[in-house]
Amino acid sequence: MTVNTLYHHTHERLEEELVWIQQAKGNPALFAPLYKKYHEPIFRYVHQRMDDTEMAFDVTSQVFMKALKNIHKYEYRGVPFGSWLYRIAKSELYQAFRDKQAQRTVNVESVSLFEMMDEMDEDQSELNKQLLVKALQSLKEEQLQLIEMRFFEKRSFKEMGEILDLTENNAKVKCFRALEKLKKYFHDK
Amino acid sequence: MNLDRPNLSSEEIKGRQNFEDVLSKVKVSSPSFWQNPWFWGPTGLATIGIAVFLSLNSVNSQNVPHEEKVTLAKNELPKDTECIHPPSEKEEVAFENYEVDPQKNEQLVLSNGTVISFQKGSLQPENLNEKVQISVRQLNDKSTVFLAGIPMDYQENNAFISAGMLEIRGTQNGKEVAINAKIPVKVDMKLTKDGSSFDFWKLNEEAKAWEKYPSTAQQATVPGAKVKTKDTVQSNTQSADKRVAAIAKIDQKLEKCTQAIEQLVKPSVVAFKIPEANHQKFDLEFDKSTYPELAKFENLVFEIIPTTGYDKNFTKKTWSEVKLDKANGNYEMVFVGNTEKMKVAVRPVLQGSELKVAQKNFDKAMTEFAAELQKIEIEKQQLEKQKATYRSEVEAEIVSRLRTTTPALETANVNDVVSFSFTKWGIFNSDKPSPYPAAAENELAFVWKSGNDVARFHRIFVFNLKKDVRYDYGKFARHGLQEFGLDKKGDLVIIGLLEDGTAGIAELKKESDRMALDKIVFSRQQNGVSLKETLKLLFEDEKITA
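Bear in mind that the values here come from a model prediction, so they are computed numbers and not experimental data. (Residues numbered from 1 in each chain as written. Chains lettered and ligands numbered in written order. Predicted model: local features only at pLDDT ≥ 70, side-chain atom pairs only at ≥ 80, totals over all residues. Heavy atoms only, no water.)

A. How the structure looks around the overall build of chain B. When its secondary structure is counted, chain B shows 10 helices and 27 strands. Across the 546 residues in chain B, those meeting the buried criterion constitute 42%. Across chain B, every contact between residues at least 6 apart in sequence was considered, and the portion connecting residues at least 24 apart equals 73%. Summed over its atoms, the accessible surface of chain B is roughly 31,600 Å², and 50% of this surface lies on carbon and sulfur atoms. (Helix = DSSP H or I, 4+ residues; strand = E, 2+ residues; numbered from the N terminus. Buried < 20%, exposed > 50% of the residue type's maximum accessible area, 1.4 Å probe, protein only. Contact = heavy atoms within 4.5 Å. Areas by Shrake-Rupley, 256 points an atom, 1.4 Å probe, with all protein chains shown as cover.)

Quick look at the structure:
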């Protein structure tokens, strides 16, 4: 499975971000390059989890407002600034679900389902696709999140760990277990 | 669960970026002072006591005038919004620049035949011995008026149809030059249409409104005035040469700025011995006398540099000895086994209290670096701006040098010329108002040719080519986007602007289709094609002088 490499930063890019962050701490207007860089990934993360596009734009704005308000608290931990933003996005998303402003949905492309079937050593048939959709619906939220990040958003285990506050290894193990559960669902049917 | 929902394109998402909006809603604040534990100590409580006492005393005993209290707030208010908003900052309409002697009768003849006459004593600069720079923009077609960002609304519900417009400014060393009220500057402005059915107006830039202005539809000349023809060309040539020299100086300064940026040393986490998350670390005993540079640290561990390539399964093997080594100034851990030996590149990093101090020092160094970098970049931006101004002035002068300088008024139809005089610089316009169309009854969808919805235009301009009029909607306009409407007749060109400056263009030619219209399909402005060029093709208008 190919993994989206956009998230992984070179040392130079991390340091470039650090400069922006320090500048933004002194002058919020200088947060603009970070906003420009992360607006689309954060929006896609939010939109992936809800149906309402307008609401997704609103939640994304909320994420950046919160980040700007709290930028003085940010401490560099050797990972891209984006992981901090994803954590805020996660919290804002669940707040929106709790307030019933939006409904949790999973958006998935057929091609991703076929990739999953390949990973599970199952035939790539239309029937299996329908079965896999049902199997996904049987997962618990935490497991669904892992599958969603890994297979639908093509995130690396490292990035998943940073967003979900898990170690890279733990993210890998939990994702493996979720996949095993899906396989079991397939075999039981 | 949604299967195969259409994805939003990056352009659409970028079209919705609005950092200004986010920024305006956020008041960044440092941690609240009451969150500091020291605040609640005896000193904090004593301070509260004193503050309360003083504030009560102040309220009871003083009558501070209200105005004094609000002085600071007044200073923080934003500047007034200007009424000229070009659709693209990159494609401003350049001024033609001329120099006139305030102590002589002088006449400028513009490329379209407009004559501007200055009588001796008319211009009142600080230094009478220095020349006055006259900057002129002829806005003679809808493209240049549009690109210059001139508002064309009149009163509540009219847009102007223009027969010619002229912007004229006079400065000396960057300062606006006053005009003697008794000796006004006279202008015989060449029109693009028969002026008999047009009125004359001047833009009140403070009130953002066009106001009627006295004029006569007859020719006027200033007796004894010197026509600026070859002399103008020579003086412009000299001025251009000065500007070219100034540009060279700016280039030198820019080079210095670039060098200064290159010489700035960006603090690195390596130098401050700050660890990276998720990188493997080893607590390793080493001989401090062999590595005196590390001897002063107590909480030191060694972090693997993962990019250097090594067998990642080495921890699963059994090693009889692990020691620290240094080669070419770089540290490495040497693992020795019974049959094999392996080297891994490492760097020393701090832990515990020493790490906290290092992090603090790193943050400080990074803040200082960012401030210095910002300072140089601001200087660089200012220089670039100055350079762009000089360059456009030089270009305008070269253009004016190439133009024919023969006065064209002698052969002009008297109805095609409007004469007026002024004692304040500004924008003058021969226009007649045309009412805005009624707002569309049905909600119109804006879509791209690809079928995707247009994210959100923040400004929309509708040109009716038959009437030669432009209607503005959205930001900066009197009419909001919800008031958008279409004339039933005439070929229409619609230009929508996204926040990032990208333009969408739609053409509506079939009048019969307009009645049942439910959506307007926009094409994106082509990459690498300027708005000016796009307009040129749309209007088949060769008069674009920008």
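Let us keep going from here.
B. A look at the pairing of strand β26 (residues 503-508) of chain B. Residue and element names in this part refer to chain B. In terms of burial, β26 is largely enclosed, as 5 of its 6 residues are buried. Sheet analysis places strand β25 (residues 492-497) next to β26, joined by 6 bridges and oriented antiparallel. Looking at β26, one finds that Leu492 is bridged to Leu508. Linkage of β25 to β26, two consecutive antiparallel strands, is achieved through a turn of 5 residues, within which Gly501 is found at a positive phi near 95 degrees. Here β26 pairs with strand β27 (residues 519-524) via 2 bridges, running antiparallel. Bridge assignment links Ile505 to a residue of β27, and that residue is Ser523. (Pairing = 2+ DSSP bridges.)

C. Fine view of the interface of chain A and chain B. Taken together, the contact between chain A and chain B spans 50 residues of the former and 42 residues of the latter. Across the chain A/chain B interface, buried area totals approximately 4,000 Å², and carbon plus sulfur atoms make up 60% of it. Here chain A and chain B share 2 salt bridges between them. With a shortest N-O distance of 2.8 Å, Glu54 of chain A and Arg16 of chain B are connected by a salt bridge. At the junction of chain A with chain B, the criterion picks out 15 residue pairs in polar contact (both at pLDDT 80 or more). Contributions of two or more residues to the side of chain A that touches chain B are made by α1 (11-26), α2 (32-48), α3 (53-70), β1 (107-108), α5 (110-119), α6 (126-137) and α8 (157-164) of chain A. Top contributing element to the side of chain A that touches chain B by residue count: α2 of chain A, with 9 residues. Here the residues of the side of chain A that touches chain B are counted per class, giving 21 nonpolar, 15 polar and 14 charged. Inspection of the sheet shows β1 of chain A paired to strand β1 (residues 2-3) of chain B by 2 bridges, in the parallel sense. (Buried area = accessible area lost by both parts, 1.4 Å probe. Salt bridge = Lys/Arg side-chain N within 4 Å of Asp/Glu carboxyl O. Polar contact = N/O pair within 3.5 Å; in protein donor to acceptor, adjacent residues only side chain to side chain. Nonpolar A, V, L, I, M, F, W, Y, C, P; charged D, E, K, R; others polar.)

D. Structural view of helix α7 (residues 141-152) of chain A. Within α7 of chain A, 10 of the 12 residues are buried, leaving the element largely enclosed by the surrounding structure. Of the residues trailing α7 of chain A, Lys154 of chain A is marked for its positive phi of about 55 degrees.

E. Spatial organisation of the nonpolar core. Core analysis: the largest hydrophobic core is formed by 98 residues, its most contacted members being Phe31, Phe81, Met116, Leu136, Ile147 and Leu182 of chain A. When sequence neighbours within four positions are dropped, the list of residues in contact with Phe81 of chain A reads Glu17, Ile21, Phe31, Leu34, Tyr38, Ile71 and Tyr74 of chain A. Judged by nonpolar contacts, the second largest core, of 28 residues, contains Phe146, Phe160, Leu535 and Phe539 of chain B. (Core = buried A, V, L, I, M, F, W, Y, C linked by side-chain atoms within 4.5 Å.)

F. Seen up close, the packing of aromatic side chains. Within this structure, the stated rule accounts for 41 aromatic pairs over all chains. Note on Tyr213 of chain B and Phe428 of chain B: the rings are 5.4 Å apart at their centroids and 65 degrees apart in plane angle, and the pair reads as edge-to-face. Placement of Tyr213 of chain B in the loop between β13 (209-212) and β14 (226-228) and of Phe428 of chain B in strand β21 (residues 426-435) is noted, with a sequence separation of 215 residues between them. You can call Phe428 of chain B buried: its relative accessible area is 0%. Following the ring pairs from residue to residue traces out a cluster consisting of Phe31, Tyr35, Tyr38, Phe64, Tyr74, Phe81 and Trp84 of chain A together with Phe19 of chain B. Just above the ring of Phe157 of chain A sits the side chain of Arg150 of chain A; from NZ or CZ to the centre is 3.9 Å. (Phe/Tyr/Trp six-rings, centres within 6.5 Å; stacked < 30°, edge-to-face > 60°. Lys NZ or Arg CZ within 6 Å of the ring centre and 35° of its normal.)

G. Examining the confidence of the model for chain A more closely. Here chain A averages 85 in pLDDT, while 94% of its residues score no lower than 70. Here residues 1-8 of chain A is modelled with pLDDT under 50, and outside its nearest four sequence neighbours on either side it reaches 18 contacts, counting other chains as well. (pLDDT = per-residue confidence, 0-100.)

H. Molecular detail of the pattern of salt bridges. For the structure shown, the criterion picks out 33 salt bridges over all chains. The partner of Lys174 of chain A in a salt bridge is Glu142 of chain A, with the nearest N and O atoms 2.9 Å apart. In this pair, Lys174 of chain A is assigned in helix α9 (residues 168-188) and Glu142 of chain A in helix α7, connecting sequence segments 32 residues apart. A residue is classified by how much of its surface remains accessible, and Lys174 of chain A, at 23% relative accessible area, is partly exposed. The partner of Asp468 of chain B in a salt bridge is Lys142 of chain B, and the shortest N-O contact between them spans 3.5 Å.

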